[in-house]
Amino acid sequence: MFYTYVIESASHPDQRYIGHTSDLRQRLADHNARKCPHTSKFVPWKIKVYVAFETIEQAQHFERYLKSGSGHVFAKRHFWNQG
């Protein structure tokens, strides 16, 4: 399986990161071990959402969508608390 995931900083809840991986637990551990420069300043991270796909291409496609303008609107509507 391949996963598209959204993580949220526990210390800075307004900070989020979208990625894809084949090993979700290891990838989260890498983020929290500061192995990713884009997320190292905002540890610790927690998984907010993940979606499993059969192929890496599907996971990459959904990641690109979530990083697009309409994907941001979708994520805000479906993944984040509305207050």
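The structure we're discussing is the one just above.
Worth saying up front: this structure is predicted, and the values here are computed from it rather than measured.

**A few points about the sheet that holds strand β2 (residues 16-21)**
Next up, step 1: Spatial ordering of the open sheet is given by β2-β1-β3, a layout of three strands whose pairing is antiparallel. Pairing within the sheet leaves two strands with one partner each, and these edge strands are β2 and β3 (45-53). Taken pair by pair, the neighbouring strands of this sheet meet at an average axis angle of 20°, ignoring direction.
Next up, step 2: Along the sheet, helix α1 (residues 24-32) makes contact with β1 (2-9), β2 and β3, crossing β3 at roughly 150°.
Next up, step 3: Relative to the sheet, helix α2 (residues 56-66) contacts β1, β2 and β3, its axis offset from that of β1 by approximately 35°.

**Remarks on α1**
Next up, step 1: Buried residues of α1: Leu-24, Asp-30 and His-31, and no others. In an axial view of α1, the angular spread of the buried residues amounts to 120°, which keeps them on one side of the axis.
Next up, step 2: In the core, the buried residues of α1 are packed alongside β1, β2 and β3.
Next up, step 3: In the segment just after α1, Arg-34 is the residue with positive phi, at about 65°.

**Considerations on the packing of α2 against helix α3 (residues 69-78)**
Next up, step 1: Axis separation between α2 and α3 bottoms out at 6 Å; the angle between their running directions is 85°. As the angle between them shows, α2 and α3 are arranged roughly perpendicular. Together, Phe-62, Tyr-65 and Leu-66 of α2 and Ser-70, Gly-71, His-72 and Phe-74 of α3 make up the contact between the two elements.
Next up, step 2: Grouping the amino acids of the contact of α2 with α3 by side-chain chemistry returns four nonpolar, three polar and no charged.

**As for the pairing of β1**
Next up, step 1: Counting buried residues in β1 gives seven out of eight residues, a clear majority hidden from the surface.
Next up, step 2: Direction of pairing for β1 relative to β3: antiparallel, over a ladder of eight bridges. The partner of Ser-9 across the bridge, within β3, is Trp-45.
Next up, step 3: One ladder, built from six bridges, connects β1 with β2; its direction is antiparallel. In the sheet register, Tyr-5 faces β2, and the bridge partner there is Gly-19.
Next up, step 4: Following β1, the chain reverses through six residues before pairing antiparallel with β2.

**Notes on the nonpolar core**
Next up, step 1: Listed in full, the 10 residues of the largest apolar core are Val-6, Ile-18, Val-49, Phe-53, Ala-59, Phe-62, Leu-66, Ala-75, Phe-79 and Trp-80.
Next up, step 2: For this core, the secondary structure elements donating two or more residues are β3 and α2.
Next up, step 3: The dominant element in this core, judged by the number of residues it contributes, is α2, at three residues.
Next up, step 4: Excluding residues within four positions of it along the chain, Phe-53 makes contact with Met-1, Phe-2, Thr-4, Gln-58, Ala-59 and Phe-62.
Next up, step 5: In this structure, Tyr-5, Leu-24, Phe-42 and Val-43 belong to the second largest nonpolar core, which totals nine residues.

What counts as what
Residues numbered from 1 in each chain as written. Predicted model: local features only at pLDDT ≥ 70, side-chain atom pairs only at ≥ 80, totals over all residues. Heavy atoms only, no water. Pairing = 2+ DSSP bridges. Helix = DSSP H or I, 4+ residues; strand = E, 2+ residues; numbered from the N terminus. Axes fitted to C-alpha atoms, helices over the stretch in contact; angles between N-to-C directions. Contact = heavy atoms within 4.5 Å. Buried < 20%, exposed > 50% of the residue type's maximum accessible area, 1.4 Å probe, protein only. Arc of directions from axis to C-beta. Parallel < 35°, antiparallel > 145°, perpendicular 65-115°, else oblique. Nonpolar A, V, L, I, M, F, W, Y, C, P; charged D, E, K, R; others polar. Core = buried A, V, L, I, M, F, W, Y, C linked by side-chain atoms within 4.5 Å.

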